[in-house]
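What follows is the residue order along each chain.
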Amino acid sequence: MVDERKDGSYGTPQKYDPAFKGPIYNRGCTDIICCVFLFLAIVGYVAVGIIAWTHGDPRKVIYPTDSRGQFCGQKGTKNENKPFLFYFNIVKCASPLVLLEFQCPTPQICVEKCPSRYLTYLNAHASEDFEYYKQYCLPGFQKNKGVAEVLRDGDCPAVLIPSKPFAQRCFPAVHAHKGVLMVGNETTYEDGHGSRKNITELVEGAKKASGVLEARQLAMRIFEDYTVSWYWIIIGLIIAMVLSLLFIILLRFLAGIMVWVMIVMVILVLGYGILHCYMEYARLRGEAGSDVSLVDLGFQTDFRVYLHLRQTWVAFMIILSIIEVIIILLLIFLRKRILIAIALIKEASRAVGYVMCSLLYPLVTFFLLCLCIAYWASTAIFLSTSNEAVYKIFNDTSCPVAGKTCNPETFPSSNESRLCPGAHCQFAFYGGESTYHRALLGLQIFNVFMFFWLANFVLALGQVTLAGAFASYYWAMNKPDDLPAFPLFSAFGRALRYHTGSLAFGSLLLAVVQVIRVMLEYLDQRLKAAENKFAKFLMSCLKCCFWCLEKFIKFLNRNAYIMIAIYGTNFCTSARNAFFLLMRNIIRVAVLDKVTDFLFLLGKLLIVGSVGILAFFFFTHRIRIVQDTAPPLHYYWVPIVTVVIGSYLIAHGFFSVYGMCVDTLFLCFCEDLERNDGSQERPYFMSPELRDILLKGSAEEGKRAEVEE
């Protein structure tokens, strides 16, 4: 193996051109057809948004809906003072029909407050409790029927049990007391006449319903944790942003020292994590219940339970130890390559120092991505709520017309009502039979596709802009004197004016693959219950193949955008030239590009680990900030995980500038080696420090490869 391919198998190397001085300014528009397609797609996307906003009604998501499709708690309606949804028989919510129709097969009404005591209709209809009981009957109910007729027609619930509001819905107040599942505070309740009533059956039914609603309760508790901890989460993210910015600034002036400090700090942070896990493991020794295995415990919604098990801390300690060993081994075997990568990072630091506004460009990308996400999310909500109310026949027993659509106004006098005397015509879901309603699925797919296309376009625009600015730095012979004024803004203008079509082409390819991956994930979820092993194997293969294809297209696009920023060629030509250039310098790619990515990953881990440890100690009440302390939480891991993920995204945003700078300088370096030979007639554009280290390191790798062959 040699360092550079000259046999033409990977294209023709660039030849010396005395007129070439970096990014070409006299360029023309590229991939115009794709630009037109993007414009038409955006126009269509706006039209879809207008149609969705015209037909949609977000109130269907915000407010619960009663059996007649009316909203609970909405201002300006007769239910304005009735914010809670009450189920006549909550036990029926545990029926499999709920999973199919997304509606409990029991009458539902809007009420001012949830029931607070146990009461049956049999005891209430002839007592002073009837007025209290009446508010939980159908609107307009009059006491002109017998008890059997009222219960048969479903005008009132058979029994009221103490309930608590949850997500604006009344659910039984089920809780455990000394190992006994109870509703309210007792296992029996007063019926209004002093007698005690056993409600074992109701408790068991409530237990079934609570199992169905367990996921909702978990989501609600997580939401409550966010409402009381959002302030501290924002502070944690601000700390991550300050640390990232400080790290980048120090990297500009002390690149070599900061890289080694970063490596040592990552090792120390992981080492402390291992030590902390061992200390927790030792602390739990002898504690009752700490030896229970994770398998025996099973899944628990309260994740704090796992932290009281010794096996949990052993697992954490093993994971961190493996990561620590892998990093140390990589550092040992890559020590010489790290020295070469540091030289490239130093050159990137100088480039970023001369184009300091590039550090702020991720904010532009973030803002544009927020616009894309907001438009996609709002359009998706309006599309999903643009259906009409559909009423269906529900019945507890077998009925030939059950599940058919009906009209609640005419149902009592219809033939269906006579066929099934105990049936009810109630709101089932939102849908429709018009052409627009039949096209909703296609519009949702188009909405997802346009989101991926526009989001990838925004990312591509940022990559071309940064590549153009850093390429202007590299190809300036006398740095920074020959550097053009406002290189970032010039590169941004060139990208939008000449290469919108090329960016649209590259982002379109990536969007198509991403939509296919989303569809595969959807199909995989639908096929999980199937026992066909061949189908599962085929689905896994397809998911793996398209994942690899997406990664390859991202790699190809990134380097193609660099060539577009330098030469102004179309997407296909730029992608081919970039790929052949990398293949002609494949050893340098392995030596430099991936090692620098590894070092940047360590930098992200250092910032994320530091902020994560601080968040862990704060939200577990182990440290205090001045007089303030962490708020009480259901799950303290909720803000910690949020801070960790947000910190990684923030650090990734800052380091992405350095990553794009390194990739651009690397391609320019490879081009420089092909165009020039370092003589006075054809001098290199790279700095002397970079030339000495890179050429020496590449020569050593080439000799080592030849010896291995």
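Residues numbered from 1 in each chain as written. Predicted model: local features only at pLDDT ≥ 70, side-chain atom pairs only at ≥ 80, totals over all residues. Heavy atoms only, no water.

Asker: I'd like to hear about the packing of helix α16 (residues 440–474) against helix α18 (residues 500–526), residue by residue, with values.
Answerer: Packing of α16 against α18 leaves a shortest axis separation of 8 Å and a crossing angle of 135°. Taken together, the axis directions place α16 and α18 in an arrangement best described as oblique. Judged by the twist between their axes, the crossing of α16 over α18 is right-handed. Along its contact with α16, which presents Ile445, Phe449, Phe452, Trp453, Asn456, Phe457, Ala460, Leu461 and Val464, the element α18 presents Thr500, Leu503, Ala504, Ser507, Leu508, Leu510, Ala511, Val512, Gln514, Val515, Val518 and Met519. Considering only residue class, the contact of α16 with α18 consists of 17 nonpolar, four polar and no charged. (Axes fitted to C-alpha atoms, helices over the stretch in contact; angles between N-to-C directions. Helix = DSSP H or I, 4+ residues; strand = E, 2+ residues; numbered from the N terminus. Parallel < 35°, antiparallel > 145°, perpendicular 65-115°, else oblique. Left-handed = near helix turned anticlockwise from the far one by under 90°. Contact = heavy atoms within 4.5 Å. Nonpolar A, V, L, I, M, F, W, Y, C, P; charged D, E, K, R; others polar.)

Asker: Before we move on, could you go through the pattern of salt bridges and cite the residues and values that matter?
Answerer: Applying the stated criterion to the full structure yields ten salt bridges. A salt bridge links Glu280 to Arg283; the shortest N-O distance between them is 2.8 Å. One end of the pair is Glu280 and the other is Arg283, both in helix α9 (residues 255–283) and three residues apart, which spans about a single turn. Since its relative accessible area comes to 7%, Glu280 is described here as buried. (Salt bridge = Lys/Arg side-chain N within 4 Å of Asp/Glu carboxyl O. Buried < 20%, exposed > 50% of the residue type's maximum accessible area, 1.4 Å probe, protein only.)

Asker: Provide a residue-level description of the state of the cysteines, including the pertinent values.
Answerer: All chains considered together, the criterion is met by three disulfides. Cys114 shares a disulfide with Cys170; S-S distance 2.1 Å. On the sign convention where negative is left-handed, the bridge of Cys114 and Cys170, at about -85° about the S-S bond, is left-handed. Here Cys114, found in the loop between β2 (108–111) and β3 (119–120), pairs with Cys170, found in strand β6 (residues 169–172); they are 56 residues apart in sequence, far enough to count as distant. With no disulfide partner, Cys29 has as its closest neighbouring cysteine sulfur the one in Cys35, 7.7 Å distant. Unpaired in this structure, Cys668 has its nearest cysteine sulfur neighbour in Cys670, at a distance of 9.3 Å. Using a relative accessible area of 0% as the deciding quantity, one classes Cys668 as buried. (Disulfide = S-S within 2.5 Å.)

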